[in-house]
Amino acid sequence: MRWILFCALCLVVSGCASRPGSATYEQLHAQALSEIKTAKRMGFIWRDTELLLEQAAKAWEQGEKKRAKELAQEALEQARLSQQQARQQTNASPAYPPN
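**Q** What is the right way to look at the overall build of the chain in this model?
**A** Helix and strand content of the chain: four helices and zero strands. In the chain, the order of α-helices and β-strands from amino to carboxyl end is α-α-α-α. For the chain, the proportion of its 99 residues judged to be buried stands at 29%. Taking all contacts inside the chain whose residues are at least 6 apart in sequence as the whole, residues at least 24 apart take part in 75%. Per element, the accessible surface of the chain, about 6900 Å² overall, is 55% carbon and sulfur.

Printed below as a string of structure tokens:
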């Protein structure tokens, strides 16, 4: 489980670092909302994803445009990764070490 979370965090960090800032805040926010809804339908939304999007909206209202885009991008990535994790762990079962 730690390994999965570590990989997910690496993907989020690398995704944020490698993407150009071409998308607008409104686009990122709308995409994140859509991906969050999908993750909820799958029953596998991560704990902080919606909180990040709320923080992005507050930052946008306070005029912190760059921070708002970063937070919305992070929420979008987390929503997508939670969906990926849900697909990968659909038929997961416990793995016990051999005796």
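**Q** In this structure, what is going on with the nonpolar core? I would like to understand it.
**A** The tendency in soluble globular proteins is for nonpolar side chains to be buried as a group. Ranked by size, the top nonpolar core spans 14 residues in total, and within it Y25, A32, L53, A56, A72 and A75 carry the most contacts. If you list the elements that add at least two residues to this core, you get α2 (25-41), α3 (49-61) and α4 (65-88). Element by element, the count of residues in this core is highest for α4, at six residues. Among all residues touching A72, those that are not within four sequence positions of it are Y25, L28, H29, A32, L53 and A56.

**Q** Could you clarify how one ought to interpret the side chain of Q78 in this entry?
**A** Mapped onto the fold, Q78 is located in helix α4. A polar atom in the side chain of Q78 sits 3.0 Å from the side chain of T49. Here Q78 is in contact with W46, D48, T49 and L52, once residues within four sequence places are set aside.

**Q** Where do I start with the pattern of salt bridges in this structure?
**A** Oppositely charged side chains may form a pair once their charged atoms are brought near each other. Using the criterion set out here, one finds four salt bridges in the structure. Notably, a salt bridge pairs E50 with K40, separated by 2.5 Å at the nearest N-O pair. Of this pair, E50 sits in helix α3 while K40 sits in helix α2, and the two are 10 residues apart along the sequence. Exposure remark for E50: the relative accessible area of 30% places this residue in the partly exposed category.

**Q** Teacher, can you tell me more about α3 here?
**A** With 13 residues, α3 should cover 18 Å at 1.5 Å per step; its first-to-last C-alpha distance of 19 Å lies within 8% of that length. Among all positions in α3, only T49, L52, L53, A56 and A59 are buried. With its buried residues spanning 120° around the axis, α3 presents them on a single face. Away from its buried face by more than 90 degrees, α3 exposes K58 and E61. Where α3 is buried, its residues meet α2 and α4. Phi turns positive one or two residues past the end of α3, at G63, with a value near 85°.

Rules behind the numbers
- Residues numbered from 1 in each chain as written.
- Predicted model: local features only at pLDDT ≥ 70, side-chain atom pairs only at ≥ 80, totals over all residues.
- Heavy atoms only, no water.
- Helix = DSSP H or I, 4+ residues; strand = E, 2+ residues; numbered from the N terminus.
- Buried < 20%, exposed > 50% of the residue type's maximum accessible area, 1.4 Å probe, protein only.
- Contact = heavy atoms within 4.5 Å.
- Areas by Shrake-Rupley, 256 points an atom, 1.4 Å probe, with all protein chains shown as cover.
- Core = buried A, V, L, I, M, F, W, Y, C linked by side-chain atoms within 4.5 Å.
- Polar contact = N/O pair within 3.5 Å; in protein donor to acceptor, adjacent residues only side chain to side chain.
- Salt bridge = Lys/Arg side-chain N within 4 Å of Asp/Glu carboxyl O.
- Expected span 1.5 Å × (residues − 1).
- Arc of directions from axis to C-beta.

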